[in-house]
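Each chain is listed here by its residues.
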Amino acid sequence: MICLAITLAVLAAQPAAPELPAKLTLGEALRLFRERGLDLLLADAQVQSAQADQASAAAVPNPNASAGVGRSFNYDPSCQGCSALQLSVGLSDNAALSDSISGKRGLRKDVAAHALAAAKLGRADAQRTLELLLKQVYLQSVLARAQLRFAEETEQTFARTQGLQREKLRLGAISDADLARVDVAALEALQARDQAAQALRAARAQLGLLLGVRGLLPDFDVDEAALSEVPEKQLESRSRAELLQAAEKNRPDLLAFDEQIKRAESSIALARRQRWPDPSVSLTYSQEGSGQSAITPPTLTLGLSMGLPIFYQQQGEIGKAISDLRTQTLQRQKLQAQLASDLEVASGQLQTASSLLARMRSGLLARAKKARDLVEVQYEKGAATLLELLDAERTYIAIHGEYLQDLTGYWTAVAQLEAVTALELRQ
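Residues numbered from 1 in each chain as written. Predicted model: local features only at pLDDT ≥ 70, side-chain atom pairs only at ≥ 80, totals over all residues. Heavy atoms only, no water.

Student: How should I be thinking about the pattern of salt bridges in this particular structure?
Tutor: Close approach of charged atoms allows side chains with opposite charge to pair. Counted under the stated rule, the structure contains 26 salt bridges. One salt bridge in this structure joins Arg193 and Asp194, with 3.1 Å as the shortest N-O distance. One salt-bridge network, in which partners are shared between bridges, spans Asp125, Arg128, Arg251 and Asp253. (Salt bridge = Lys/Arg side-chain N within 4 Å of Asp/Glu carboxyl O.)

Student: Just checking my understanding: could you explain the nonpolar core for this structure?
Tutor: Looking at soluble globular proteins, one finds that nonpolar side chains tend to be buried together. Counting 53 residues, the largest nonpolar core has Leu24, Tyr138, Leu207 and Leu211 as the members making the most contacts within it. Elements supplying a minimum of two residues to this core: helix 2 (26-36), helix 5 (104-171), helix 6 (176-210), helix 7 (225-228), helix 8 (240-250), helix 9 (252-273), helix 10 (315-380) and helix 11 (386-421). At 11 residues, helix 11 tops the list of elements feeding residues into this core. Not counting residues up to four positions away in its chain, the partners in contact with Leu207 are Leu24, Leu134, Val137, Tyr138, Ser141, Phe220 and Val222. The next biggest cluster of nonpolar side chains, apart from the first, holds 13 residues, and it includes Tyr379, Ala384, Leu386 and Leu389. (Core = buried A, V, L, I, M, F, W, Y, C linked by side-chain atoms within 4.5 Å. Buried < 20%, exposed > 50% of the residue type's maximum accessible area, 1.4 Å probe, protein only. Helix = DSSP H or I, 4+ residues; strand = E, 2+ residues; numbered from the N terminus. Contact = heavy atoms within 4.5 Å.)

Student: How should the packing of aromatic side chains be read in this particular structure?
Tutor: The tally for this structure, following the rule as stated, stands at 2 aromatic pairs. Where Phe150 meets Tyr396, the ring centres are 5.8 Å apart and the plane angle is 70 degrees; that geometry is what we call edge-to-face. With Phe150 in helix 5 and Tyr396 in helix 11, this pair connects stretches of sequence that are 246 residues apart. Residue Phe150 shares its accessibility class with Tyr396, and that shared class is buried. With centroids separated by 5.1 Å and ring planes inclined at 85 degrees, the aromatic side chains of Tyr410 and Trp411 adopt a geometry described as edge-to-face. Tyr410 sits in the buried class, given a relative accessible area of 0%. For the cation-ring pair, Arg204 lies above Phe220, with the distance from its terminal atom to the ring centre recorded as 4.6 Å. (Phe/Tyr/Trp six-rings, centres within 6.5 Å; stacked < 30°, edge-to-face > 60°. Lys NZ or Arg CZ within 6 Å of the ring centre and 35° of its normal.)

Student: What am I meant to see in the side chain of Arg332 here?
Tutor: Its place among the elements puts Arg332 in helix 10. Setting aside its immediate chain neighbours within four residues, Arg332 contacts Leu254, Phe257, Asp258 and Ile261.

Student: Is there a simple way to explain helix 3 (residues 38-57) in this structure?
Tutor: Between its first and last C-alpha atoms helix 3 spans 29 Å; for 20 residues at 1.5 Å apiece the expected length is 28 Å, and the two agree. Of all the residues in helix 3, the buried ones are Leu40, Leu41, Ala43, Val47, Ala50 and Ala57. Check the buried side of helix 3 and you find it contacts helix 2 and helix 5. (Expected span 1.5 Å × (residues − 1).)

Student: I keep staring at the side chain of Ser141 and nothing clicks. Help me out?
Tutor: Structurally, the position occupied by Ser141 is in helix 5. Setting aside residues no more than four positions away along its own chain, Ser141 makes contact with Leu200, Ala203, Arg204, Leu207 and Val222.

Student: How do you make sense of the environment of Leu209 when you look at a structure like this?
Tutor: Structurally, Leu209 is set in helix 6. Spatially, the C-alpha atoms of Leu209 and Gly401 are 27 Å apart, while their sequence positions differ by 192 residues.

Student: Could you clarify how one ought to interpret unusual backbone geometry in this entry?
Tutor: A negative phi holds for most residues other than glycine; trans holds for most peptide bonds. Phi at Ala95 is positive, roughly 65 degrees, even though this residue is not glycine. Note that Ala95 resides in the loop between strand 3 (85-92) and helix 4 (96-101). On the basis of relative accessible area, Ala95 is assigned to the buried category, the value being 10%. For Ala422, which is not glycine, the phi torsion reads 60 degrees and is therefore positive. Along the chain, Ala422 falls in the segment after helix 11.

Student: Looking at this structure, I do not really get the packing of helix 3 against helix 5. What am I missing?
Tutor: For any two helices packed against each other, the geometry is given by the interaxial angle and the distance between the axes. Where helix 3 contacts helix 5, the axes come no closer than 8 Å and their chain directions differ by 175 degrees. When the axes of helix 3 and helix 5 are compared, the pair comes out roughly antiparallel. In terms of residue class, the contact of helix 3 with helix 5 is made up of 12 nonpolar, 3 polar and 8 charged. (Axes fitted to C-alpha atoms, helices over the stretch in contact; angles between N-to-C directions. Parallel < 35°, antiparallel > 145°, perpendicular 65-115°, else oblique. Nonpolar A, V, L, I, M, F, W, Y, C, P; charged D, E, K, R; others polar.)

Student: What should I look at first to understand the environment of Ile261 in this one?
Tutor: As for its position among the elements, Ile261 is in helix 9. For Ile261, a relative accessible area of 15% corresponds to the buried category. If we skip the residues at most four places from it in the chain, Ile261 touches Leu325, Gln328, Thr329 and Arg332.

Student: Is there a simple way to explain the confidence of the model for the chain in this structure?
Tutor: One rule of thumb: low pLDDT means the predicted coordinates there are not for detailed reading. Across the chain, the average pLDDT comes to 86, with 93% of residues at 70 or higher. Within the chain, helix 9 carries the highest mean pLDDT (94), whereas helix 1 (residues 2-13) carries the lowest (42). This model gives residues 1-14 a pLDDT under 50, and the stretch forms 1 contact once residues within four places in sequence are excluded. (pLDDT = per-residue confidence, 0-100.)

The following block contains the structure:
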């Protein structure tokens, strides 16, 4: 019954699956993820485990109590106060006093405290990396939504063109070959629409998983404003040296290694302190009879016992703790080197994405649309062929798709740089 009650209490403490709004913004997605994301809940459980380890490390050993009764054989308790029955009681501190005086308990607490701090920072680092994944999935959802909307518009455009071409064919103004070309373009638009719809379904499913949705995925939409925002130039104003300095100061994984190094140093001190034995203080009362002629008159004994470190002096534990310190130090150095490399890559990706998007915004997209519109007017007046119209339309479709990819790539690069530096660069 107790186990069942504990299980029910744990289940009741778990947050319910989030209810998604009809239109999910990126800010709302991040809020829901931070509150109820399953991966973050798992990281919270690891922190709770480290908190339990800290409580165990700070525990004071319980005292040992003993009691005994015995009887002496071949003894005739004929004198006054004599007895063949032996009684004894004892109490030992189980080395609790020496454990505190020697500082071993304090060192264990230090080790556990640094391990807990590292676990909390590990949880923060898990949030950092998972939020990058969430942003990437959200941006892919928005990209798929924008591609679907554009594909639907393109489908409608080709449907109107099909209607006009069929009327022209009826009047004998065009041939069957011209209508076939328009039919092919219309079918291509349908293909693009279905592919965009499937991409949106897949991205929404992955987004729901990250947000901790259980069961069937609710119907929700993403906000295309995440891609329509004007890129902020201040994102690119910071130097790489400033970003690297900020990353070294803020990255939870680097700070976690600092705590792991402190934990390893405390572990070395604890292992060395463990070479000295822990004496146990005991107090024993015993008697066998109560008179002057009793075998054992009432006796109170104060005792001290301890192991002798003759054959083994914790060499293995000390060596392992030293190795752990070296491992943590080298891993931090490796991560610091990796951080500089990641920052270089992320900064370069942002600069490239910014250049591509600026070129697209400065005229490429507008010129492609204008060229398509002009050829459409020329075609209606008979100054351009159907092939030229279809070619202009396909060119505009391709460039518009490239524009959406560039816009998504830009904000994905921003999210990547935010993850590398552990900064909110869009604030």
